[in-house]
Amino acid sequence: MGADVVVLNVVERRSDALGPAEAALRVTLSDAPVPIVLMDLDLRPLLFSRGWFEAGMTSPGPQRRAPKTLPFGDVFAAGARRCRETGLTQHCRVEIPAKGGRSPRWFSFEFRPWPSEGSAIQRIAASGREVTEAVLAMRDADEARLRLAEQNDRFDAALSNMPHGLCMFDADKRLILCNLAYRRLYEMPDALAQPGTHLDAILEHRQSIGKGPRSFSAFYAVTVEAALSGAAATRDVELTDGRTIRITHNPIATGGYVATHEDVTEAIRAAAQIEFLAFRDPLTGLPNRAAFQRAYDDAVAAGEQSGEMFGLIMLDVDHFKDVNDTMGHDAGDALLQALATQLKRAFRRSDTVARLGGDEFAIVLRELKGENDLTRPIAVLQDLLRTPIEHAGQSFTICASIGAAVHADPQADPNHLLKNADVALYKAKTDGRNRSVLFAPAMRTQVEQRVELLREVRLAIAQGEFEMFYQPVVDLAANSVAGFEALMRWRHPEQGILPPAAFMAALEDSDLSLQLGDVAFDGALGQMRAWIDQGVDFGRVAINVSAAQFRSGRLAAEIEAKLKHWNVPPDRLTIEVTENVYMGWGSDVVSQTVKRLHDAGVLIALDDFGTGYASLANLTQFPIDRLKIDKSFVQNQKDDAIVRAVINLGSSMGMKVVAEGVERPDQLAALQEYGCDQVQGYHFAKPMPAAEVAAFIDGFSQRG
């Protein structure tokens, strides 16, 4: 004990335990500020210093009686016992419990035997020093280390489970780290995955196993060197094994770069297929409606700007449905393919020969010198069509009705040419088919019929004869009704329920299209409100939107107002927009409208995908939540590859894919196998009146 005993201030004692020597210390040890306690060999406290009480280790109390034991727990007692047993100085750290709402404190105690040398141990002296701040600092440091370790673990887990390859190189092109996906992508051995490996060694390995860049110099210059110079770079790199890897290099501030490697082979193939689909008819290989529209718009622009003479031919196969019905769809396909071959032979390479869909074809002819330049290839085509087609042991010829029109008057509106060609085609059909007709102004009968139809439609709107029918959309994974598509029907007082085909001319009229659009939205939203009030779980309802509705520029505000009026949540509504509307008149207005509605919570569906002329750029330019595969692809087994491509594309872009026109169990089974999300068609139900929807939902859920 030595000098420590000299500074001990005895402020309280156990009268039955103090000896004469200890009692004498009371006088000389009066001001010791250090917390010290003297204990007997049974660890009972005998003497306390003034500093002990000032530190709040023990409350002195009115009788200044020492406690029989010290309430510092087993750690304190164990340290004292080791000191007693070994005769050596011992140490321990003790938490002093909190009192009066205070935080607990920590003290470090040193135990020494007394006397410290010579005679046998008689007492144990313990001196304390508060170390609360140090303990808390150590605790904070430990917690920080634990958090860092957890973050490192999470980082390692994320790095290891990334679907894309990731690597990091320093300014000397030496590997800092790479994940498992990167190693698997290029079959890297363990030795090359070690930090410090030079990039050249990794690239040499890849070249040696046939997984290197097809154009090594271009890859190195555009990506690696760009990143090392401080510029980000992304490039699709073709490998010698046929894969395409999308590599994105981002420079690091301290030098070097981090890069991600994503295998986009299938995505690019699907994209190429969709891109081809956007401008080519998959059956005939001819340009499709998209390409035709582009060529026609170019011709119109040339006619307006320079007065160029150009022509338009519309062609329909006569009795094509009879061929399909009597000889089968294979024969119909063979007929269309043969017709495409003959069309390409009859017209110039500079002419745009397009299949618009079904048995409808159109040809745009530019830089004509006169009507003969239009009628001459038609005559050549009619001669070619007389050659019989052989299919499955049967022989038949192609008969077609052809309508033609020419824009020769610089003062005339070239946009009327499409209508004129349609009128001529109609005349060819009514005159007995299998003939060609060149438009003449006297051909106005069809126009008159159209005017009469529009008059009847206006009257029907005023009398409330249009109503919405609903066709269910089924979610395949959940095996439940996900929603309905609202489809307009005309409840004609004499002809009964008429489909849109009966009033298509009204849908093409800008004014009536807007009125019918209002009827559709008010009818569907009012019904949705009623279902909500009745507790009918109808999911979402999809409503088709026409180009005329977009042209007003007020469509988004009008739909938002109608949703508010009917008190229908925006997330219960889907609007369906065709590809032609996206790419047609005022695409900027369409873009602004759908973005505003999408931001409000309305789902956006791209309808009849593949039949119009949307490109991949449109799928990213516009907020599209759903891709709807046109029924023509679903119902044609030869288009399975296209259906799969669209489903894969939609999945890769985070869109749900809906297949229309599902009529048979085998079509449904194929779509389920391909991973299609939702389907609709006669296999489940035809469009039904609103009154039948609740019962259908109940019946479907009970079906399981």
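For the structure, see preceding data.
Quick caveat: nothing in here was measured; it's all calculated off a predicted structure.

## Some thoughts on the side chain of Arg355
- Structurally, Arg355 is set in strand β12 (residues 352–357).
- Among the residues examined, Arg355 registers a relative accessible area of 12% and is labelled buried.
- One polar contact links Arg355 to Asp281, side chain to side chain, over a distance of 3.0 Å.
- Every residue in contact with Arg355, bar those within four places of it in the chain, is listed here: Asp281, Leu283, Thr284, Leu286, Pro287, Asn288, Arg289, Leu336, Glu360 and Phe361.

## Examining the sheet that holds strand β9 (residues 244–251)
- Taking strand neighbours across the sheet as the criterion, the five strands line up as β7-β6-β10-β9-β8 in an open arrangement whose pairing is antiparallel. Looking along the sheet, the strands with just one partner apiece sit at the ends: β7 (175–178) and β8 (233–238). With strand direction ignored, the average angle separating the axes of adjacent strands in the sheet is 20°.
- Two elements, strand β6 (residues 165–169) and strand β10 (residues 257–263), share five bridges in a ladder whose sense is antiparallel. Following the sheet pairing, Met168 is matched in β10 by Val258.
- Sheet strands in contact with helix α8 (residues 216–228) are β8, β9 and β10, and its direction is about 155° off that of β8.

## Describing empty space enclosed by the protein
- Here the structure, examined in full by the defined rule, presents two cavities of 30 Å³ or more.
- When its volume is computed, the largest cavity comes out at roughly 60 Å³.
- If you go around the largest cavity, the residues you meet are Cys167, Phe169, Tyr182, Leu199, Leu203, Arg206, Phe219, Val224, His249, Tyr257, Ala259 and His261.
- Every element with two or more residues in the lining of the largest cavity is listed here: β6, α7 (199–208), α8 and β10.
- Along the lines of polarity and charge, the residues of the lining of the largest cavity split into nine nonpolar, two polar and one charged.

## Let's talk about the sheet that holds strand β16 (residues 400–407)
- Judged by pairing direction, the sheet is mixed, and its five strands sit side by side in the order β12-β13-β11-β16-β17 without closing on themselves. The open sheet has two edge strands, β12 and β17 (436–438), and neither has a second partner. When strand polarity is set aside, the average angle formed by the axes of neighbouring strands in this sheet is 20°.
- Pairing geometry for β12 and strand β13 (residues 360–365), over five bridges, is antiparallel. When the sheet's bridge partners are listed, Ala354 is paired in β13 with Ala362.
- Strands in contact with helix α12 (residues 329–346) are β11 (310–317), β12 and β13; relative to β11, the strand with the most contacts, it is inclined by about 155°.
- Contacting β11, β13, β16 and β17, helix α13 (residues 372–385) crosses the sheet at an angle of about 170° to β16.

## A look at the pattern of salt bridges
- Enumeration according to the criterion identifies 34 salt bridges in this entry.
- Two residues, Lys562 and Asp518, come together in a salt bridge whose shortest N-O distance is 3.9 Å. Of this pair, Lys562 sits in helix α19 (residues 555–566) while Asp518 is found in helix α17 (residues 510–534), placing the two residues 44 residues apart along the sequence.

## Overview of the layout of surface pockets
- Its volume calculated, the second largest pocket comes out at about 340 Å³.
- Residue lining of the second largest pocket: 15 residues in total, with Glu266, Ala267, Ala270, Ala271 and Leu649 positioned closest to the centre.
- Listing elements by their share of the lining of the second largest pocket, those giving two or more residues are α9 (265–279), α22 (616–621) and α24 (640–652).
- The residue makeup of the lining of the second largest pocket, split by class, is eight nonpolar, four polar and three charged.

## Considerations on the side chain of Ser513
- For Ser513, the position within the fold is in helix α17.
- Residue Ser513 is classed as buried on the basis of its relative accessible area of 4%.
- From its side chain, Ser513 meets the backbone oxygen of Leu507 in a polar contact 3.5 Å long.
- There is a polar contact of 2.8 Å between the side chain of Ser513 and the side chain of Ser546.

## Details of the pairing of β7
- Bridge count between β6 and β7: three bridges; the pairing is antiparallel. Within β7, the position partnered with Phe169 by the bridge is Leu175.
- Where β6 folds back onto β7 in an antiparallel hairpin, the turn is made up of five residues, including Lys173, whose phi is positive at roughly 65°.

Quick notes on the rules
- Residues numbered from 1 in each chain as written.
- Predicted model: local features only at pLDDT ≥ 70, side-chain atom pairs only at ≥ 80, totals over all residues.
- Heavy atoms only, no water.
- Helix = DSSP H or I, 4+ residues; strand = E, 2+ residues; numbered from the N terminus.
- Buried < 20%, exposed > 50% of the residue type's maximum accessible area, 1.4 Å probe, protein only.
- Polar contact = N/O pair within 3.5 Å; in protein donor to acceptor, adjacent residues only side chain to side chain.
- Contact = heavy atoms within 4.5 Å.
- Pairing = 2+ DSSP bridges.
- Axes fitted to C-alpha atoms, helices over the stretch in contact; angles between N-to-C directions.
- 1 Å grid on protein atoms, 1.4 Å probe; cavity = no way out; pocket = protein on both sides within 12 Å on 5 of 7 lines; lining within 4 Å.
- Points joined across faces, edges and corners; volume = space filled by probe spheres on them.
- Nonpolar A, V, L, I, M, F, W, Y, C, P; charged D, E, K, R; others polar.
- Salt bridge = Lys/Arg side-chain N within 4 Å of Asp/Glu carboxyl O.

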